[in-house]
Amino acid sequence: MLTVDMADLPALVGRDLGYSDWVVVDQDRINGFADATGDHQWIHVDVPRATAALGGTIAHGFLTLSLLAAFSYQTLEVRDAGKGVNYGFNKIRFLAPVPAGSRLRSRQTLESVEEKGGGWLLTRTVIIEIEGQEKPALLAEWLTAVYP
């Protein structure tokens, strides 16, 4: 994990922030996400049907996306930030399905740092990889803001 002060952020533009730890996306996590969001589509939660049709269940795209917060805590810490907030996305692409039982991790690059309301608006390119697969699960341009 890279640990910096807010004043150091502009100098990191273009820098690869590295990888997060691997996270297992198992059926229990998928079912919990389905319960939390009300998205019980069979491709996610009906193991026998999904196995017959697809070879197994797949994680929700939004479950994969939601892991960005945890992955971010493992790649960049801004020591003197009083708060950080999710500001949104410029782009999100779900590139490959995530089979239940897969391990995922992120790789993040800091693309830009702009002054915003007394803090910094960070734009990061995030790739979420699936262990053992060439094609990533997700590619996103993510905006977060940090404030003193």
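See above for the structure.
The paragraphs below set out a description of the structure included in this document. Chains are numbered independently. Their residues run from 1 in the order of the written sequence. Given that this is a predicted model, residues contribute local features only at a pLDDT of at least 70 and side-chain atom pairs are listed and counted only at 80 or more, while totals for whole chains, interfaces and linings are drawn from all residues. With hydrogens and water stripped out, all remaining heavy atoms of the structure feed into the side-chain values.

### Considerations on the overall build of the protein
So the rule is basically this: Secondary structure elements follow DSSP: runs of H or I of four or more residues count as helices, runs of E of two or more count as strands, with numbering from the N terminus. Under the scheme applied here, a residue whose accessible area is under 20% of the maximum for its type counts as buried, over 50% as exposed, and between as partly exposed, the area being computed with a 1.4 Å probe on protein chains only.
Looking only at helices and strands, the protein features 5 helices and 8 strands. Sequence-ordered secondary structure for the protein, helices as α and strands as β, is β-β-β-α-α-α-α-α-β-β-β-β-β. When its C-alpha atoms are laid out on the principal axes, the protein stretches across 55 × 30 × 25 Å. Residue burial in the protein is summarised as follows: out of 148 residues, 40% are buried.

### Structural notes on the packing of aromatic side chains
Between two aromatic rings, the relevant description is the distance of the centres plus the angle of the planes. This is how the line gets drawn: Whether two aromatic rings pair depends on their centres lying within 6.5 Å, for rings of Phe, Tyr and Trp, where Trp uses its six-membered ring; planes under 30 degrees apart make the pair stacked, over 60 edge-to-face, and the rest tilted. Remark: a charge is flagged as sitting over a ring if the NZ atom of Lys or the CZ atom of Arg is within 6 Å of the ring centre and within 35 degrees of the ring normal.
Applying the stated criterion across every chain yields a total of 2 aromatic pairs. An angle of 85° between the planes, with centres 6.0 Å apart, marks the rings of Phe 62 and Phe 94 as edge-to-face. Here Phe 94 lies in strand β5 (residues 83-94) and Phe 62 lies in helix α4 (residues 61-66), a separation of 32 residues in the sequence. Given a relative accessible area of 57%, Phe 62 falls into the exposed group. The exposure class assigned to Phe 94 is partly exposed, which follows from its relative accessible area of 44%. Summarising the aromatic geometry, the rings of Phe 89 and Trp 142 are spaced 6.2 Å apart at their centres and angled 15° between planes, so their arrangement reads as stacked. A residue pair is termed long-range when its members are at least 10 positions apart, and Phe 89 in strand β5 and Trp 142 in strand β8 (residues 138-147) qualify at 53 residues. One cation-aromatic arrangement involves Lys 83 over Tyr 147; the distance from NZ or CZ to the ring centre is 5.4 Å.

### Comments concerning the side chain of Thr 64
Selection rule: Note on definitions: a residue-residue contact is assigned when non-hydrogen atoms from the two residues lie within 4.5 Å.
Of note, Thr 64 is situated in helix α4. Note on Thr 64: relative accessible area 3%, which makes it buried. Not counting residues up to four positions away in its chain, the partners in contact with Thr 64 are Ala 59, Val 98, Leu 104, Ile 128, Ala 137 and Leu 138.

Everything listed here is a matter of geometry and, on its own, says nothing about what the molecule does.
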